[in-house]
Structure formats: C-alpha cells, structure tokens
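# Descriptive structure summary
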Protein chains: 2
Amino acid sequence: MTGQEPHPPTLAAAFEPPYYAVIFTTLRAPSSDQGYAQTAAEMVELALGQDGFLGIDSAYSEGLGVTVSYWRDEAAIAAWKAHGDHQAARQAGRAKWYRAYQLRVAKVERAYGWPGAEDK
Amino acid sequence: MTGQEPHPPTLAAAFEPPYYAVIFTTLRAPSSDQGYAQTAAEMVELALGQDGFLGIDSAYSEGLGVTVSYWRDEAAIAAWKAHGDHQAARQAGRAKWYRAYQLRVAKVERAYGWPGAEDK
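As a starting point, this report considers the structure included with it. (Residues numbered from 1 in each chain as written. Chains lettered and ligands numbered in written order. Predicted model: local features only at pLDDT ≥ 70, side-chain atom pairs only at ≥ 80, totals over all residues. Heavy atoms only, no water.)

A word on the relation of the copies chain B and chain A. What relates the two chain copies is a rotation about an axis together with a slide along it. Under the fitted operation, chain B is carried onto chain A by 0.0 Å of movement along the axis and a turn of 180°, and the coordinates agree to an RMSD of 0.0 Å. In the structure described here, the two chain copies are related by an operation that fits a two-fold rotation axis. The share of interface residues of chain B whose copies in chain A are also at the interface is 100%, consistent with both copies meeting through the same surface. (Least-squares fit on C-alpha atoms with pLDDT ≥ 70 in both. Contact = heavy atoms within 4.5 Å.)

See the structure below:
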C-alpha cells in the first residue's frame, strides 16, 4: 500500500436504524496494485462528500476484500452509483483489480455496539 | 495465523433476496492471537451446521475486521445467537480479542455479482 490509506483503524459510527448498508465483497486479481490504493482512497474521499453517506468499514486479507458502506436511504445510494468518477472506478475495477465481486444492498434493521451496550 | 484458516479465498455464494446479513465489524486488541484463529475457525465450522446459514465473507487488515454472515431469516440468526459455544466465543471476544465492535442485522433486498451480471 502507498502513502494515504483509505481507512483509518476506526469503526464507522453507530447510527439509529433504519438505514442502508451496501456490502461489497471482492476477490482481487493476482496482479500488482495498478492504482488500486489511490483510487480506493479517492473513492472514500468522494463518498464523504455525498449527501446521505454515513460511514464505511473495509478490510482486505488473503485475496478477499469486504467493504461495507452505510447510507441514509436508497436515494443516497442511487446518487453515489450515478457519480461519474465512481462509475469510472467501477469500470477500472472490473478491468484491472477484481476477479469477481458481489454487491448486496441491505436495510439495517437493528444494531448494537460494544463497549456501549452489552451483548443483547 | 496458524494452520487452519477460517475462510478460504472464495466469495460467499449469491442467493436470491430477501435474506439476512449480520455485519460484524471489530477493532482487534493489540495483543497476540490468544486462541483467536482457532476459535474463529471453530465458529465457522459450527455455523456451517446451523439451519439457515447461507455463507460468510470475512477480512481483516490494519487492526480492523469486517465479517458478514448470511442467514435465511431472523429465526436462524436467533438460533445461532443462542448457541452455547457461540455465546462463550462472544464472551471471550470481549475479554481478550476486541477493543470494540459493532453488530448490525440487515435485510438484503437486492444483490448482483460480477462476472454473471453487469453493473446495474
């Protein structure tokens, strides 16, 4: 990884449900970085400026990436999907970085954290 | 990590929504493994035998873990939560392995994958 890391080691904040989670799981192609880290960081920066963006959690190990971004509602997800730079990054992902991915859009119905709440 | 890895580098299979995702994000305590890898592998083995378990995606990097497990319905999640060995593992997690975590239960409303479907 180079210079700017896309995600500092903090958890996305807790929000009051309902809201939406976009679960993006990837198998990385067995290649060198080819601009991945920079683009990933740029996408997080861009997302931060999107109306309705709530936060993101992302990790990568052993060829598998799991990124979950959180959004206020479906409209916010649709606007982010339509963003031109994001569309270009997705295209680059299919061309260079990923062997396969799955994307799931899910409505968060309940949530809890620790510390802050015991195991319910 | 030792011997048996909890997750091979494959993506959880695609299922027809609706179904449920449990999004478990963690900050790992700055300690040695202390049995984490073995317990994580055991929990995946146990979950595989649970009625209604659909799959799991998990990654860990830079102190942050993101694990998403998929379940047929809320009843399957409740049964897994009540499993005695799983309860013990959660208690060990709070005592030894985690500084903090968030758990979100979300209903997957739509999903697509690539290859297999173009970006919608």
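Another aspect to go through is the nonpolar core. Side chains of nonpolar character tend, in soluble globular proteins, to be buried together. By size, the foremost hydrophobic cluster in this structure holds 28 residues, and its most contacted members are I23(A), V68(A), I23(B) and V68(B). Counting residues per element, the ones that place at least two in this core are strand 1 (19-28), strand 3 (64-71) and strand 4 (98-114) of chain A together with strand 1 (19-28), strand 3 (64-71) and strand 4 (98-114) of chain B. Contact partners of V68(A), with chain neighbours within four places excluded, come to A21(A), V22(A), I23(A), G55(A), I56(A), D57(A), I23(B), V66(B) and V68(B). (Core = buried A, V, L, I, M, F, W, Y, C linked by side-chain atoms within 4.5 Å. Buried < 20%, exposed > 50% of the residue type's maximum accessible area, 1.4 Å probe, protein only. Helix = DSSP H or I, 4+ residues; strand = E, 2+ residues; numbered from the N terminus.)

To continue, consider the pairing of strand 3 of chain A. Successive side chains on a regular strand alternate, one facing one side of the sheet and the next facing the other. All names here are of chain A. The buried fraction of strand 3 is high, at eight of eight residues. Residue alternation in strand 3 divides its side chains into two sets, L64, V66, V68 and Y70 and G65, T67, S69 and W71, and both sets are buried. Of the pairings in the sheet, the one linking strand 1 to strand 3 comprises eight bridges and is antiparallel in character. Residue T25 lies in a different strand from strand 3, and its bridge partner there is V66. When strand 2 (residues 53-61) meets strand 3, the two strands line up antiparallel, connected through eight bridges. Bridged to I56 within strand 3 is S69. In this antiparallel pair of consecutive strands, strand 2 and strand 3, the connection spans two residues, and E62 shows a positive phi of 50°. (Pairing = 2+ DSSP bridges.)

To continue, consider unusual backbone geometry. With an omega of 0°, the peptide bond running from W114(A) to P115(A) counts as cis. Structurally, P115(A) is set in the segment after strand 4. Phi angles above zero are rare outside glycine, and E62(B) is one such case at about 50°. For E62(B), the position within the fold is in the loop between strand 2 (53-61) and strand 3. For E62(B), a relative accessible area of 45% corresponds to the partly exposed category.

Bringing the interface of chain B and chain A into the picture now. Contacts between the two partners involve 52 residues from chain B, matched on the other side by 52 residues from chain A. Taken together, the two surfaces of chain B and chain A that pack against each other cover about 4800 Å², and 53% of this comes from carbon and sulfur. Of all residues in chain B, L11(B), R104(B) and W114(B) give up the largest surface area on contact with chain A, accounting jointly for 16% of the area buried on that side. At the junction of chain B with chain A, the criterion picks out four salt bridges. One salt bridge in this structure joins D57(A) and R104(B), with 3.9 Å as the shortest N-O distance. On the surface where chain B and chain A come into contact, there are 21 residue pairs in polar contact (both at pLDDT 80 or more). Counting residues per element, the ones that place at least two in the side of chain B that touches chain A are strand 1, strand 2, strand 3, helix 2 (74-82), helix 3 (84-97) and strand 4 of chain B. Among the elements that make up the side of chain B that touches chain A, the one with the highest residue count is strand 4 of chain B (17 residues). The residue inventory of the side of chain B that touches chain A, partitioned by class, reads 29 nonpolar, eight polar and 15 charged. As paired strands, strand 4 of chain A and strand 4 of chain B are joined by 13 bridges and run antiparallel to one another. Each residue of the ladder has a partner; that of Y112(A), found in strand 4 of chain B, is L103(B). (Buried area = accessible area lost by both parts, 1.4 Å probe. Salt bridge = Lys/Arg side-chain N within 4 Å of Asp/Glu carboxyl O. Polar contact = N/O pair within 3.5 Å; in protein donor to acceptor, adjacent residues only side chain to side chain. Nonpolar A, V, L, I, M, F, W, Y, C, P; charged D, E, K, R; others polar.)

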